[in-house]
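Chains, contacts and geometry: an overview
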Amino acid sequence: MPRVLLVEDDPAVRKGVELALGHQGYDVIAATTGEEGLARLASARPDVVVLDLMLPGLSGLDVCRRIRERDQVPIIMVTARGDDVDMVVGLEAGADDYVVKPVRARVLDARIRAVLRRIGPTVAEGIRPLPETHGTLTIDRTGLVVSHEGAQLQLAPSELRLLLTLSASPGQVLSRQQLLEAVWEHDYHGDIRLVDACVKRLRGKLGSAARYVRTVRGFGYCFRTS
Amino acid sequence: MWAKAVRFLRGLRVRLVVGFAVVAAVSALGTGLLAFREARTGVLQRSQDVVIEQFRDSIDAFAPGVPSAPTGEELTALVDSVARAHRSQGWQVLATYEDTRAASGPDGAFARLSPELREAVAERASAVFQRVDADGRPFLVVGLPVTYASASGGSYLSGVAFYLVVPQDTEEAYVQAIIAAVEHATVYALGGAVLLALLAARGVLRPLRALRGATRRMAEGHLDVRLDVQGSDELAELSRTFNDTAAALEQSVAELRRLEVQARRFAADVSHELRTPLAAMAAVTDVLDEGAPRLDPETGDAVRLISEETARLSRLVEDLMEMSRFDAGAAALALDEIDVAESLRRTLAARGWTDERVVARLPAPGTLRARLDPRRLDVVVANLVGNALRHGAAPVRVSLGVRHDRTEGAWLIIEVADEGRGIPEEALPHIFERFYKADATRARSESSGLGLAITAENVHLHGGRVHAANRPRGGAVFTVELPVRRA
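All of the points below concern the structure found in this document. As the structure is a computational prediction, the values presented were derived from the model and not from experiment.

**Structural notes on the sheet that holds strand β6 (residues 132-134) of chain A**
Residue and element names in this part refer to chain A. Read across the open sheet, the four strands follow the order β6-β7-β8-β9; overall the sheet is antiparallel. Both outer strands of the open sheet, β6 and β9 (151-152), are each paired with one neighbouring strand and no more. Examined bridge by bridge, β6 and strand β7 (residues 137-140) share three bridges and lie antiparallel to one another. When the sheet's bridge partners are listed, Glu132 is paired in β7 with Ile139. In the packing of helix α6 (residues 157-168) onto the sheet, contacts are made with β6, β7 and β8 (145-148), and the angle to β7 comes to roughly 100°.

**Points about the side chain of Ser147(A)**
Residues and elements named next belong to chain A. Structurally, Ser147 can be placed in strand β8. For Ser147, a relative accessible area of 15% translates into the label buried. When near neighbours in sequence (up to four residues on either side) are disregarded, Ser147 contacts Thr136, Leu137, Thr138, Gln152 and Leu153.

**Things to note about the packing of α6(A) against helix α7 (residues 176-184) of chain A**
Residues and elements named next belong to chain A. With their axes 9 Å apart at the nearest point, α6 and α7 run at an angle of 120° to one another. Classified by the angle between their axes, α6 and α7 sit oblique to one another. When the axes of α6 and α7 are compared, the crossing they make is right-handed. Contact residues: Ser158, Arg161, Leu162, Thr165 and Leu166 in α6; Leu179, Ala182, Val183 and Trp184 in α7. Taken together, the residues of the contact of α6 with α7 break down into six nonpolar, two polar and one charged.

**Some words on the interface of chain B and chain A**
Between chain B and chain A, the contact holds 28 residues from the first and 30 residues from the second. Counting each side, the surface lost to burial between chain B and chain A is near 2,800 Å², with a carbon and sulfur contribution of 55%. Looking only at chain B, the three residues that lose the most surface to chain A are Asp286(B), Arg346(B) and Arg375(B), adding up to 21% of its buried area. Linking chain B with chain A are four salt bridges, by the criterion used here. Among the salt bridges present, the one from Asp289(B) reaches Arg104(A), with a minimum N-O distance of 4.0 Å. Our enumeration of links across chain B and chain A arrives at five residue pairs in polar contact (both at pLDDT 80 or more).

**Considerations on a positive patch on the surface**
Residues and elements named next belong to chain B. On the surface, Lys4, Arg7, Arg13, Arg209, Arg212 and Arg216 cluster together into a patch of positive charge. Put simply, the parts of the chain that give the positive patch at least two residues each are α1 (2-9) and α5 (169-219). Per element, the largest residue contribution to the positive patch is three residues, and it comes from α5.

**Focus: a negative patch on the surface**
Residues Asp49(B), Glu53(B), Asp57(B) and Asp60(B) make up a contiguous surface patch of negative charge. When you line up the elements, Asp60(B) lands in helix α2 (residues 12-62).

**Thoughts on the nonpolar core**
Ranked by size, the top nonpolar core spans 53 residues in total, and within it Leu162(A) and Leu206(A) carry the most contacts. At seven residues, the largest contribution of residues to this core is made by helix α8 (residues 192-206) of chain A.

**Quick look at the pattern of salt bridges**
Taken as a whole, this structure holds 40 salt bridges over all chains when the rule is applied. Of the charged contacts in the structure, one is a salt bridge between Arg104(A) and Asp286(B), with a shortest N-O distance of 2.7 Å. Linking Arg104(A) in the loop between β5 (97-101) and α5 (105-118) with Asp286(B) in helix α6 (residues 234-291), this pair reaches from one chain into another. In this structure, Asp196(A) and Arg176(A) form a salt bridge, with 2.8 Å as the shortest nitrogen-oxygen distance. With Asp196(A) in helix α8 and Arg176(A) in helix α7, this residue pair connects regions lying 20 residues apart in the sequence. Via salt bridges that share partners, Glu260(B), Arg264(B), Asp327(B), Arg434(B) and Glu457(B) belong to a single interconnected network.

Thresholds applied
Residues numbered from 1 in each chain as written. Chains lettered and ligands numbered in written order. Predicted model: local features only at pLDDT ≥ 70, side-chain atom pairs only at ≥ 80, totals over all residues. Heavy atoms only, no water. Pairing = 2+ DSSP bridges. Helix = DSSP H or I, 4+ residues; strand = E, 2+ residues; numbered from the N terminus. Contact = heavy atoms within 4.5 Å. Axes fitted to C-alpha atoms, helices over the stretch in contact; angles between N-to-C directions. Buried < 20%, exposed > 50% of the residue type's maximum accessible area, 1.4 Å probe, protein only. Parallel < 35°, antiparallel > 145°, perpendicular 65-115°, else oblique. Left-handed = near helix turned anticlockwise from the far one by under 90°. Nonpolar A, V, L, I, M, F, W, Y, C, P; charged D, E, K, R; others polar. Buried area = accessible area lost by both parts, 1.4 Å probe. Salt bridge = Lys/Arg side-chain N within 4 Å of Asp/Glu carboxyl O. Polar contact = N/O pair within 3.5 Å; in protein donor to acceptor, adjacent residues only side chain to side chain. Patch = residues over 30% accessible without salt bridge, like charges linked within 9 Å, V, L, I, M, F, W, Y side chains within 5 Å. Areas by Shrake-Rupley, 256 points an atom, 1.4 Å probe, with all protein chains shown as cover. Lys, Arg positive; Asp, Glu negative; His and termini not counted. Charge placed at Lys NZ, Arg CZ, Asp CG, Glu CD. Core = buried A, V, L, I, M, F, W, Y, C linked by side-chain atoms within 4.5 Å.

Right under this line is the structure:
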């Protein structure tokens, strides 16, 4: 039973989402403020965080950043539609995905399942390929560990999945739409900013290997070490 | 160019200059001519009186020495002595007695005596004068018959007549000088008039030009434009009126804007306030839907109704908020170069419109790329197709093409046509207005009433156009034109 930490200030919305997620079979821990959410993160050890961006006091964005400083738990943020700036900033602050208010239980459930799948095993049990080496990067697809020049990188689930998807076929250009479907499992094709924000974050963590993730203007992204 | 020249010639400046010049010329010439006539008459009259007087005195002085029947020599001696006395005045003296003639100078002077003059001298006992022009020179010719006083107190002609031919060069020069003076005066007056006219035109035209500029700026929407008011003439009054009007207009417009902003903010605030309770309700509709079949039929129906209407209300509030963002100018384009045909195909697929209800005629993937906001394009196409399915009849045809325009470049053309009854003619101009219901009998529908308005706003945000029409064969067709931008 996956455990969800829900950070939402409005009591009715909190109650509603709690009820709906509980109905879908999740174990929901609710927090009223950002501070409370951060405090409960360590003890509750949730599998996913559902975070409202509009919080009194410590904002959702700050909560997102603080979580990312110490934890790579998947974060799904809840935004108001049209507040595009907030959304982009939230994605760059480290959120893995987003849902738009008012959120339906079925949509939230689908998104949670998608992020949870990203940290699950990507290949069938029993076949354990050797870690791949791409330039200065070492990618272990089974252990889901990425090292750069020997040092292990702390990648959030979306970043990891994005890198795995791109590096699976070096040299091939993948459109934002293709990446959106492969990494986020979105069927809605308008959310390309998810991809851009995630690429930006991934490059930030890759250090000198950031140049391997190339932008192909007008088409998408491509992984190439040469 | 001709039109410009004609406009210039009809302009106030030219009219003022011509008017001033005509007035100046008429008055200068009129005054000059009158003065000239008086002066000329005075000059000639006086010189002629003087000459006649002197001539008479000279003849009177010499006449007693004239025999009653003088010979040619006697007459010649006489005219010579008279002429000598007035040599400096250029006198030429002639005398006749019957057929005898004598002249002080060359004989040619007799040619200056007209027959009328001689006749008049022969008949009358007084001085006769005539002005003649010979070879371009004016001469005064005076005829003076010599008379004898009779014992009865009258006088009779002696038959001797003296003539005087005197050139009037001095007088002519004097008259010419007057003409020259009048000409000069006219020229100066004309020049002065033109200068004054230009000054006057400037005085009138400057405020007029300022007024014209201000009016133009106001028409462009600069309601804060004001004129400098100087003086208290009619033009200053006009400028003042303009300023008052502009101030009043600016105030009304500001008030209207304030009210509009207030109304829009109210709509936005209401939507925002509605959203939070709706968010709570929307979260649990799936729980309700799943639980409904297990409830007794009445409660189950009630629960389903709440669930459905909550979803409707959520859509309405979201559409209202989207509209508020357009009104507030907060809607921004997130452009990306996309495969347009692929994008449309996905929009249809995501809504489940892949069956025979919707027929898509789209170019092959990869052939048509453009920089668009994919989310907004999705909204546009989904709204149009949804609208066609609701209000028209299947099959709905969606087509995509490109039109190359010589001046405007390439445009994407998206057409959504249905097989329904079409849109009533009177509804066509209003179809993109908010909450406009083309079909009055269907007061309620699945849509929020904002779908087409949002579509139009999204198209306009792209710099595109959208319009609705009825096809001749029946059914409505919506056409979206979007400029093709390249990365």
